[in-house]
Amino acid sequence: MKITLRPVDDNNREAVLALSVREDQPFVASNEVSLRQADETNAQKPGVARPFGIYAADKLVGFCMFAFDPETTEIEYRYWLWRFMIDKKEQDKGYGQAAMQEIIKYFKGNGADRLYLSTEPENERGLHVYHKAGFRETGIITGDEIVLMRTLKGPRRTIKDLCGVNINERLRIREKRGLGVSVALYDGEDLNTYCAGSGRFGQDFPVNPDMLFQAGSVSKPMFALTLLRYADKGLIDLDADISGVVPDFVRKGPMTFAALLSHTAGFNLHGFPGYRADHGPLSLEDVLSGRGVTPKLRRIRPYGRQFIYSGGGFTLAELAFTRITGVTLREAFQKEVAEPLGLKRTGYFQPLDEELVPNAAFGGRLAEKEDPAHGYHYYPEHAAAGLWTTPTELVTIGRALSKSWREGGLLKKETARRMLTPVMDNYGLGIHSFRGDIGYHDGWNEGFLTTWMFSLREDLCVAVMVNRSADELDWKQSYVAIDLFQTVEERLADGTDKSEWENYCGKYEKNEEDFPLEEVFMKEGKLCARVAADDGEETYQLYPIGDRAFGRKGGFVRITFGENSLSIDGIACKKL
């Protein structure tokens, strides 16, 4: 069977447009749509879209279209099988598999090292063809389509990464029976999800985008968001003295929600270890009185004078909230956040509802150590640690907060800006605020880790959740999220004028203690900063985030260049 690929031109365009698939195959756009997209793409970047007719001898039997962009720095966007179809009259004749081999030969012959495609998971017929040709799922879901990949050089393996970040390698995910990771990333246009490993250690229980994970301290900004919704309605006063509402735990005021949410109220109880899933119920009063596994709440620092992270303070705020409003946090969050945003799998489910258990991750090896049917802990401290959610729904919340910051929405604009303006130590009301334009929070529960961050300037958010909480993974899991965020942030700023970068190079006076920059220089086409360190010096790559503004790879610093000067997080430094 001789199959050839012939470019679509004026001689065969009409014949290609006449091809179609069966009515029960709604997974491929019409060839008319595909050719229009090819014309639009090539008008912007000639030669990227490459449409071909598929011929058996001299008979047209199908159509395919490639996205071919070897010059892009984004590896996962270089080589794509964008469209592939066999005409309904020519199916079941072996043309699909034969054509796929010609397509692979074309990409190999033109220097491609890997080939991507995407399709709906319901496209069973298409998936059969792709699997037979050597394509395998990457774990990425973009929109409603799963992404597959085939290597074209070297060993046949699936490169599992998202935006160039090898998540499995970074977090040591060992496929089906180890531990798992779930990621969601909104990049300004599309929602991408990535899942790998097992949601339950030792079991063949693949992570999926809807699988529930415990969010740990990411529960705190969700409580703050719920409370601020009440504040927007005039039902809660953030600055009123609430010591009279909780006199059993606060003997002397003042005590405000604002102080409790910003960790400046001076209380102990940094965090909570949780209880076996089958533990009897505990009230907020039980926890704060020390009748659980943690000490009694007490004030250990002067009120309002310094930052001291306190899950106990958040638990006290939750108690005051429930006494003032007469509703539980679970009820309030559902009404004020989940319903307006259309969230279906996020809530303060403590204990976890039995109907939700079948698609819930288990924390670390808790199922082996405690309860095989419920491998997670019970957290009666809802506001501090009790949230169950998915990365996809965390991204929805992050985008809503970002929109509220920019123009108002779920929260009033002024309320969102107060929430995300640091009070002390880069912490606002229930959330970290870095660089003036990033909202951020990590979370740890026994067996779970979460990192969630979003841009205030643009529609960008990432959430990473893993069912492992060994201390050694804390920074690794957080830095995966940071790398994903910064990769997309740099991509969104791609229009910046690089010809100016040489003008920024030189030595600068050191005025910033946290980032004592000494020199800016170019290295292999990238802008870098040399920074003084205790044991000598360190070098960091800078990346563009806006007009004359740069971030630091792997951290939260904003550097803005001026005329013979720069500023680091607002602190000016003169060029020497």
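As a reminder, the structure under discussion sits directly above these lines.
What comes next is a walk through the structure. If you're wondering where the values come from, they're calculated on a predicted model, not measured in any experiment. (Residues numbered from 1 in each chain as written. Predicted model: local features only at pLDDT ≥ 70, side-chain atom pairs only at ≥ 80, totals over all residues. Heavy atoms only, no water.)

**A look at the overall build of the protein**
Step number 1: Looking only at helices and strands, the protein has 16 helices and 25 strands in total.
Step number 2: Against the 2.2 N^0.38 benchmark of 25 Å for 576 residues, the protein shows a C-alpha radius of gyration of 27 Å, consistent with a compact globule.
Step number 3: C-alpha extents for the protein along the principal axes are approximately 90 × 65 × 45 Å.
Step number 4: Here the protein holds 576 residues, and the buried ones make up 55% of them.
Step number 5: In the protein, 62% of the contacts between residues at least 6 apart in sequence involve partners at least 24 apart.
Step number 6: Across the protein, 73 positive and 84 negative side-chain charges occur, with their mean positions spaced 2 Å apart. (Helix = DSSP H or I, 4+ residues; strand = E, 2+ residues; numbered from the N terminus. Rg over C-alpha atoms; globule rule 2.2 N^0.38 Å. Buried < 20%, exposed > 50% of the residue type's maximum accessible area, 1.4 Å probe, protein only. Contact = heavy atoms within 4.5 Å. Lys, Arg positive; Asp, Glu negative; His and termini not counted. Charge placed at Lys NZ, Arg CZ, Asp CG, Glu CD.)

**Observations concerning the side chain of T389**
Step number 1: Structurally, T389 can be placed in strand β13 (residues 388–389).
Step number 2: Among the polar contacts made by the side chain of T389, one reaches the side chain of T346 at a distance of 2.7 Å.
Step number 3: Not counting residues within four places of it along the chain, the set of residues in contact with T389 comprises M211, L212, F213, A215, R345, T346, L394 and M465. (Polar contact = N/O pair within 3.5 Å; in protein donor to acceptor, adjacent residues only side chain to side chain.)

**As for the packing of aromatic side chains**
Step number 1: Throughout the structure, instances matching the rule amount to 33 aromatic pairs.
Step number 2: Ring plane angle 75° and centroid distance 6.2 Å describe the contact between F68 and Y106, whose orientation is recorded as edge-to-face. With a gap of 38 residues between them, F68 in strand β3 (residues 59–68) and Y106 in helix α3 (residues 95–109) connect regions that are remote in the sequence.
Step number 3: With centroids separated by 6.2 Å and ring planes inclined at 80°, the aromatic side chains of F213 and F448 adopt a geometry described as edge-to-face. In this pair, F213 is assigned in strand β10 (residues 213–214) and F448 in strand β16 (residues 448–455), connecting sequence segments 235 residues apart.
Step number 4: Linked through ring pairs, F52, F66, F68, Y79, Y106 and F107 together constitute an aromatic cluster. (Phe/Tyr/Trp six-rings, centres within 6.5 Å; stacked < 30°, edge-to-face > 60°.)

**Some words on the pairing of strand β24 (residues 565–568)**
Step number 1: Taken together, the four bridges between strand β23 (residues 558–562) and β24 define a ladder with antiparallel strand orientation. Bridging from a neighbouring strand, T560 pairs with S567 of β24.
Step number 2: A loop of two residues connects β23 with β24, the two strands running antiparallel in sequence, and N564 in this loop sits at a positive phi of about 55°.
Step number 3: If you look at the hairpin formed by β24 and strand β25 (residues 571–574), you'll find two residues sitting between the two strands, and D569 has a positive phi there, around 50°. (Pairing = 2+ DSSP bridges.)

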